[in-house]
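# Geometric and topological summary
Here are the chains, one letter per residue:
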Amino acid sequence: MFRNLAAWTAVCILIGLVAPALASEGRMPIYAWPTVISNPGQYVVTRNLNASGSGTSVIIVQASDVDIDLNGFVLETDGAPVIQAANVSNLAIRNGTIKRGVRGIAVMSVIADIFHKVVVERVNVIETTGEGIFIHQVSDFAIRWCNILNTEREGIWVDGVGPAPTVVQGTIEHNRLESTGGVTVRWGSSVGILNNRLEVTNVVAPPPSMGAIVYDYSHAGLIASNTSQIVNSGSGIFLGDANGNKVYNNVVREAREHGIDLAGMSDDNLVLENVVSG
């Protein structure tokens, strides 16, 4: 009993010491769930947080101009996105691991406006029951240097609202996806999908996914230097009703349908120097 009390006292003292230190750096600590962020600022996670069984998110962002450093820790839940944000701009999430949840990270617009500048980098997303990273109605975004493993739907899904592209300017680059439904961008314009490595085992039936990389109802994009291996079914790169895009220097292995599929009313796309095998 006294040993446990001593350990708990030590933890309390440590938290008490860490919080002022972080405050002196201008960063606010996150050490409990659910944490609701309603003010701009820099935040840092100070311990592993497991909300499994609660059906709630670990972090809920309700303010713009927020930077979250996961600080190498693990966040986990079920029945909700692990981190969710709605109607925010200038959001950065980096440096940690996210497990389970219906989505790992979900950044959404629930009103008609388009929000801007979301960065997700150096995050591991593991074993979600939905998409690993889901971004809706956000322009000027970047998803980079992330590892996304064992998701039941797309590893990365960026979605807009038609009929005109509403996801304008963004990059999905240098990510590794294994045992996922791949990458999907819908209603996008000027989005780059670059230098990703994908091993796709569960290409999802429409809607929306038809391949490892899907660029759907999207225009003026650049899909380059990606390597995709399809284990079960689907195409390597699928463009649906997509115009004016450049697709080059990609490698597709073992596609069960098409290596590169230009479907629907796709037109004026430049496709060159790609390798399709198997």
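Preceding block: the structure.
Overview of the structure. Predicted, not measured: the structure shown is a model, and the values here were computed from it.

Summarising burial for strand E9 (residues 91–100): 7 of the 10 residues are buried, a large majority. In this sheet, E9 lies alongside strand E6 (residues 66–69) in parallel orientation, the contact comprising 4 bridges. Following the sheet pairing, Asp-69 is matched in E9 by Arg-94. Relative to E9, strand E7 (residues 74–77) runs parallel, the two being bridged by 4 bridges. Within E9, the position partnered with Leu-75 by the bridge is Ile-98. Sheet topology note: the E9/strand E11 (residues 115–126) ladder contains 8 bridges and is parallel. From the neighbouring strand, Ile-98 faces E11, where its bridge partner is Val-125.

With respect to the helices, strands and loops of the structure, Ala-242 is situated in the loop between strand E24 (235–240) and strand E25 (246–248). A sequence separation of 56 residues divides Ala-242 from Arg-186, and the C-alpha atoms of the two residues are 9.6 Å apart. If near-sequence neighbours (up to four positions away) are discounted, Ala-242 is found in contact with Tyr-215, Ser-218, His-219, Ser-266, Asp-267 and Asn-269.

What follows deals with the environment of Leu-272. Counting through the fold element by element, Leu-272 comes out in strand E28 (residues 270–272). For Leu-272, a relative accessible area of 33% puts it in the partly exposed group. Along the chain, Leu-272 and Asn-249 lie 23 residues apart, while their C-alpha atoms are 7.0 Å from each other.

Below, the discussion takes up a nonpolar patch on the surface. A grouping of Tyr-248, Leu-270 and Leu-272 is seen on the molecular surface, where their side chains present a nonpolar patch of about 240 Å² in accessible area. Position of Leu-270 among the secondary structure elements: in strand E28.

Parameters and conventions
Residues numbered from 1 in each chain as written. Predicted model: local features only at pLDDT ≥ 70, side-chain atom pairs only at ≥ 80, totals over all residues. Heavy atoms only, no water. Buried < 20%, exposed > 50% of the residue type's maximum accessible area, 1.4 Å probe, protein only. Helix = DSSP H or I, 4+ residues; strand = E, 2+ residues; numbered from the N terminus. Pairing = 2+ DSSP bridges. Contact = heavy atoms within 4.5 Å. Patch = residues over 30% accessible without salt bridge, like charges linked within 9 Å, V, L, I, M, F, W, Y side chains within 5 Å. Areas by Shrake-Rupley, 256 points an atom, 1.4 Å probe, with all protein chains shown as cover. Salt bridge = Lys/Arg side-chain N within 4 Å of Asp/Glu carboxyl O.

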